[in-house]
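# A closer look at the structure
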Amino acid sequence: MKTLMTNWTRKDLTSIADLSVAELRHLLTTASAFKDVGTREIKKVPALRGKTLVNFFVEPSTRTRISFELAAFRLSADVVNISASTSSLTKGETLKDTACNLEALLADIIVLRHSSAGAAQFLAERLGASVINAGDGAHEHPTQALLDTFTICEHRGKMDGNLAGLHVAIIGDILFSRVARSNIHALTKLGARVTLCGPATLVPRSLESLGVTVTHDLDALLPQVDVVNLLRIQHERQRKEYFPSLGEYTSLFGLTKARAEFLKPDALIMHPGPINRGVEIDSDIADSGRSVILDQVTNGLAVRMAVLYLCAGARGGSETRIT
Ligand code: CP
């Protein structure tokens, strides 16, 4: 019987930037324990029995919303899903009023995806409930970075969370990507070297202040890296054109079949999804044996179980025994 003793003190998870290295490693270790639980015939544990989670997604989602819902089910919590279009946000109710009403209905955990940077932190400071950031504008997507990092650690046999010596390339629309920002924080804290690559308009040199290197020469970068993480162009956050055409973008920054030949044979190919096939990555590469894209999705479940378990526990709500 496995018992996870936790000294986790955060009721909320709103960013990776806030976390210490020890907290990051604790999250990864806890996720690993929950991944083991997922291999059993009975995959459900009683850790959040009697707790209520509200999935509040003001922006669309497939992977994040479904995996938070499944994670909550596996922890025996009750789950309610609400979307912006079917809520009273459409009648002018504020985010804060909506969240306070959810708390009045005894929500213990609110998982929020919102188009505004800082929305989750805003609620976390005002609610007693745990608030988990499921993506806030172009700011952060902490659980995506955790599942990406977990996937790298797993495939590289580095479950101690020490990524020193590993070189990760993040390619594409960095400027508007919350996934990139959270990944940069997680990977650099764990010791990895990170290089960003894409058009100068979307990958400005100023990003080097985050402790990474910036390049605009993908062909020179690819042979050097152990992991490539391709990002989608975030058209929904762009108010002008940042490159002449998608065709030109792909010819310079797409991971085509020909370009993938430059990679080390054991390089991992990652993408947070949703994929725009034929733009940032060719279908042949996305579906190849070197791609760990669907492993990322699978790991999202264990990672989100860990986040819910630890944050609800910090409110005094979960049991320390997971089996
Ligand atoms: N990666 C990710 O956040 O996917 P969804 O938008 O489908 O949740």
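In what follows, the accompanying structure is described. (Residues numbered from 1 in each chain as written. Predicted model: local features only at pLDDT ≥ 70, side-chain atom pairs only at ≥ 80, totals over all residues. Heavy atoms only, no water.)

Judged by pairing direction, the sheet is parallel, and its 5 strands sit side by side in the order β7-β6-β5-β8-β9 without closing on themselves. With partners counted over all chains shown, the strands left at the sheet margins are β7 (213-215) and β9 (268-270), one partner each. The mean inter-strand angle of the sheet, taken between neighbouring strand axes irrespective of direction, is 20 degrees. Of the pairings in the sheet, the one linking strand β5 (residues 167-171) to strand β8 (residues 227-230) comprises 4 bridges and is parallel in character. Residue isoleucine 171 lies in a different strand from β8, and its bridge partner there is leucine 230. (Pairing = 2+ DSSP bridges. Helix = DSSP H or I, 4+ residues; strand = E, 2+ residues; numbered from the N terminus. Axes fitted to C-alpha atoms, helices over the stretch in contact; angles between N-to-C directions.)

For helix α1 (residues 21-37), spanning 17 residues, the distance from its first C-alpha to its last is 25 Å, which sits close to the expected 24 Å at 1.5 Å a residue. Residues of α1 that are buried: Glu23, Leu24, His26, Leu27, Leu28, Thr30, Ala31, Ala33, Phe34 and Val37. Looking at the buried residues of α1, the elements they touch are α5 (142-155), α6 (178-189) and α11 (293-314). (Expected span 1.5 Å × (residues − 1). Buried < 20%, exposed > 50% of the residue type's maximum accessible area, 1.4 Å probe, protein only. Contact = heavy atoms within 4.5 Å.)

Taken as a whole and judged by the stated rule, the model has 1 cavity of 30 Å³ or more. When its volume is computed, the largest cavity comes out at roughly 60 Å³. Every residue lining the largest cavity is listed: Arg63, Thr64, Gln144, Leu147, Pro272, Gln296, Val297 and Arg304. Every element with two or more residues in the lining of the largest cavity is listed here: α2 (63-74), α5 and α11. Top element by residues in the lining of the largest cavity is α11. It accounts for 3 residues. Residues lining the lining of the largest cavity come from more than one domain, with at least three contributed by each of domain 1 (2-141 + 297-314) and domain 2 (144-294). (1 Å grid on protein atoms, 1.4 Å probe; cavity = no way out; pocket = protein on both sides within 12 Å on 5 of 7 lines; lining within 4 Å. Points joined across faces, edges and corners; volume = space filled by probe spheres on them. Domains from an automatic or database assignment.)

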